[in-house]
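Residue-level listing of the chains:
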Amino acid sequence: MEYEVLRSYSGDDLSDYYRAYRFKRRRKPAPKEASPVQQSVASAIFLLIGFAGIWLSTGRDGTVYGALMRWVSAFFLGGGMLLLLGNLGAIGPGAAKAKREQWAEENSKGYCRFSDTGFASYIGDAAYAYNYAAVEALLEDAGHYYLFISQNAGHILCKSAFTRGDPESFRAFLEERTGQKFLYVTTR
């Protein structure tokens, strides 16, 4: 039996792949990340505490309380600025998401073909052949299969992108060929 899967994925698929990669590395679920709104709220709180500390320390020059309050305020202002700057790409122009989308568009032109002896990945004019023994880990979520072929490399296979074969029998096919079981990962 042969299977063929188009390399068609989006920036969100890459985010899911990264979570699966972190799961593979640790063999435990990836930690939840704060949403852009949560990061913005934390940034605002840090900045407010910092400004309030500076305001409360005015008029207390030369006292231990005033000096300590200024240092603590500087810490909160710095933390708030770091959170804000780190979050600008997520809530501002969407730079991080745009980069993921661009990478996905450039690298999703092609397909992967699986046969009884191995599999190959075709990207543009290039072809990369692999033996099933090269597969280090098999992971799956609701919409994807992830094949990791080395510590830092893998393939995203969208279950909706099969052009030959079906995703359900593909799962059993890969488990048989690799001698490994799929691990289920929650990515969203």
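Colleague: What am I meant to see in the side chain of Asp141 here?
Modeller: By secondary structure assignment, the location of Asp141 is in the loop between strand S5 (137-140) and strand S6 (144-148). With no salt bridge to any partner, buried Asp141 finds its closest opposite charge in Lys159, at an N-O distance of 5.8 Å. A polar contact of 2.7 Å, which involves the side chain of Asp141, links it to the side chain of Tyr146.

Colleague: So what exactly am I meant to see when it comes to the nonpolar core here?
Modeller: Side chains that are nonpolar tend, in soluble globular proteins, to be buried together. With 31 residues, the main nonpolar core has Phe114, Leu139, Leu147, Phe148, Leu157, Phe170 and Leu174 as its most contacted residues. Listing elements by their share of this core, those giving two or more residues are strand S1 (3-6), helix H1 (11-26), strand S2 (110-114), S5, S6, strand S7 (154-158) and helix H5 (167-178). Ranked by residues supplied to this core, first place goes to H1 with five residues.

Colleague: What's the story with the packing of aromatic side chains in this structure? I'm lost.
Modeller: One pair of aromatic rings is described through two measures. These are the centre distance and the angle between the planes. For the structure on display, the rule yields 17 aromatic pairs. Judged by centre distance (5.2 Å) and plane angle (65 degrees), the ring pair of Tyr3 and Phe170 falls under edge-to-face. Of the two residues, Tyr3 sits in strand S1 while Phe170 sits in helix H5, which places them 167 residues apart along the sequence. Here the two residues Tyr3 and Phe170 agree in accessibility, since each one is buried. Measuring from ring centre to ring centre gives 5.1 Å for Phe162 and Phe170, while their planes differ by 65 degrees; the resulting arrangement is edge-to-face. Given a relative accessible area of 0%, Phe170 falls into the buried group. Each residue in the set Tyr3, Phe114, Phe119, Tyr130, Tyr132, Tyr145, Phe162, Phe170, Phe173 and Phe182 is aromatic and connected to the rest through ring pairs, giving one cluster. The lysine or arginine in question, Lys159, covers the ring of Tyr145, its NZ or CZ lying 4.8 Å from the ring centre.

Cut-offs applied
- Residues numbered from 1 in each chain as written.
- Predicted model: local features only at pLDDT ≥ 70, side-chain atom pairs only at ≥ 80, totals over all residues.
- Heavy atoms only, no water.
- Helix = DSSP H or I, 4+ residues; strand = E, 2+ residues; numbered from the N terminus.
- Buried < 20%, exposed > 50% of the residue type's maximum accessible area, 1.4 Å probe, protein only.
- Lys, Arg positive; Asp, Glu negative; His and termini not counted.
- Salt bridge = Lys/Arg side-chain N within 4 Å of Asp/Glu carboxyl O.
- Polar contact = N/O pair within 3.5 Å; in protein donor to acceptor, adjacent residues only side chain to side chain.
- Core = buried A, V, L, I, M, F, W, Y, C linked by side-chain atoms within 4.5 Å.
- Phe/Tyr/Trp six-rings, centres within 6.5 Å; stacked < 30°, edge-to-face > 60°.
- Lys NZ or Arg CZ within 6 Å of the ring centre and 35° of its normal.

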